[in-house]
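# Topology and contacts: notes
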Amino acid sequence: NAGVTQTPKFQVLKTGQSMTLQCAQDMNHNSMYWYRQDPGMGLRLIYYSASEGTTDKGEVPNGYNVSRLNKREFSLRLESAAPSQTSVYFCASSDGLRDTDTQYFGPGTRLTVL
Amino acid sequence: AQRVTQPEKLLSVFKGAPVELKCNYSYSGSPELFWYVQYSRQRLQLLLRHISRESIKGFTADLNKGETSFHLKKPFAQEEDSAMYYCAPNYGGSQGNLIFGKGTKLSVKP
């Protein structure tokens, strides 16, 4: 099992460019999440998907869109990148059935917006 | 708002010394509590969760509902414990999502 995979690992964008971060999990999990990690800020939830076909905003959704393509895949799109979106992005998944469920994380995507 | 506080950004101890990483959460019902860890160049992973009452890699965490704390402890720190540690309550409800603290970087010196 690969667990949670993310592509790309690194990306440099210019202000205004768009891109999509891809995430896939092979654990048959119901819930998937996108976080951003910034120095001194911890992890902040951008969007999540409790189940296939549903998505909801997290703490910091502005400037992002998501798509739950199927049960395995959850993508994050930046329509017009801004320097404030320079961050490390993590995708995670969980069973999503209980509050005690463990979240499993991907390796992260390091994004720089110039 | 539901919050979690990790007061120390950096905690530096010598090998063999006891270590305690503090975590306080805002009272809002009875959240499930987790500690996640991120070792250098590795992905974030679960260290332990309160419901399991387990000890992982020598770490334990005690829930104190009166103080709304869930501090992580280890009696004898090892160099391989150096990592970033995040406390994360799950308040459940309609979102049921984790709220991550800002993290504490633990550095264990030889």
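Residue positions are given per chain, counted from 1 along the sequence in the order it is written. Both sets of labels track the order of writing: A upward for chains, 1 upward for ligands. Whole-chain, interface and lining totals are the exception, using all residues; otherwise, since this is a predicted model, local features are given only for residues with pLDDT of at least 70 and side-chain atom pairs are given and counted only at 80 or more. Hydrogens are left out, water is left out, and the side-chain values use all remaining heavy atoms of the structure.

Before going further, it helps to examine the layout of surface pockets. Residues are said to line a cavity or pocket when one of their atoms sits within 4 Å of a point; the points come from a 1 Å grid over protein atoms alone, cavities being sets where a 1.4 Å probe fits but cannot get out and pockets being open sets with protein on both sides within 12 Å along at least five of seven lines. Grid points are joined across faces, edges and corners, and a volume is the space filled by probe spheres set on the points. A volume near 620 Å³ is recorded for the largest pocket. As for the largest pocket, its lining consists of 24 residues, of which Q37 and R110 of chain A together with Q38, R41 and Q42 of chain B are closest to the centre. Only DSSP runs of H or I with at least four residues qualify as helices, and only runs of E with at least two residues qualify as strands; both kinds are numbered from the N terminus onward. Mapped onto the lining of the largest pocket, the elements with two or more residues apiece are β4 (31–38), β9 (87–94) and β11 (109–113) of chain A together with β9 (83–90) of chain B. Residues are grouped as follows: nonpolar covers Ala, Val, Leu, Ile, Met, Phe, Trp, Tyr, Cys and Pro; charged covers Asp, Glu, Lys and Arg; every other residue, Gly included, is treated as polar. Taken together, the residues of the lining of the largest pocket sort by class into nine nonpolar, eight polar and seven charged.

Residues and elements named next belong to chain A. The criterion for a disulfide is a pair of cysteine sulfur atoms lying within 2.5 Å. Under the definition given, this model contains two disulfides over all chains. Put simply, C23 and C91 are joined by a disulfide, and their sulfur atoms are 1.8 Å apart. Across the S-S bond linking C23 and C91, the dihedral sits near -70°, which makes this disulfide left-handed. On the criterion of sequence distance, the pair formed by C23 in strand β3 (residues 19–25) and C91 in strand β9 is long-range, its members being 68 residues apart.

Right, let's get into the interface of chain A and chain B. Of the residues lining the interface, 21 residues belong to chain A; the matching set on chain B comes to 20 residues. Roughly 1700 Å² of surface becomes buried between chain A and chain B when both sides are summed, with 52% attributable to carbon and sulfur atoms. Defined in terms of a 1.4 Å probe, buried area is the accessible area two parts forfeit on being brought together, summed over both. Broken down residue by residue, the surface that chain A buries against chain B is led by D99, T100 and F105 of chain A, which jointly contribute 33%. What makes a salt bridge here is a side-chain nitrogen of Lys or Arg within 4 Å of a carboxyl oxygen of Asp or Glu, nothing more. Inspection of the region where chain A meets chain B yields zero salt bridges. Polar contact is the term for a pair of N or O atoms within 3.5 Å; when the atoms are in protein, one must be able to donate a hydrogen and the other to accept it, and sequence-neighboring residues count only if both atoms are side-chain atoms. Summed over the shared surface of chain A and chain B, the number is five residue pairs in polar contact (both at pLDDT 80 or more). Of all elements in the fold, only β4 and β5 (42–49) of chain A reach the threshold of two or more residues within the side of chain A that touches chain B. Of all the elements, β5 of chain A adds the most residues to the side of chain A that touches chain B, at four residues. Its residues assigned to classes, the side of chain A that touches chain B comprises eleven nonpolar, seven polar and three charged. For this analysis, residues touch if any pair of their heavy atoms sits within 4.5 Å.

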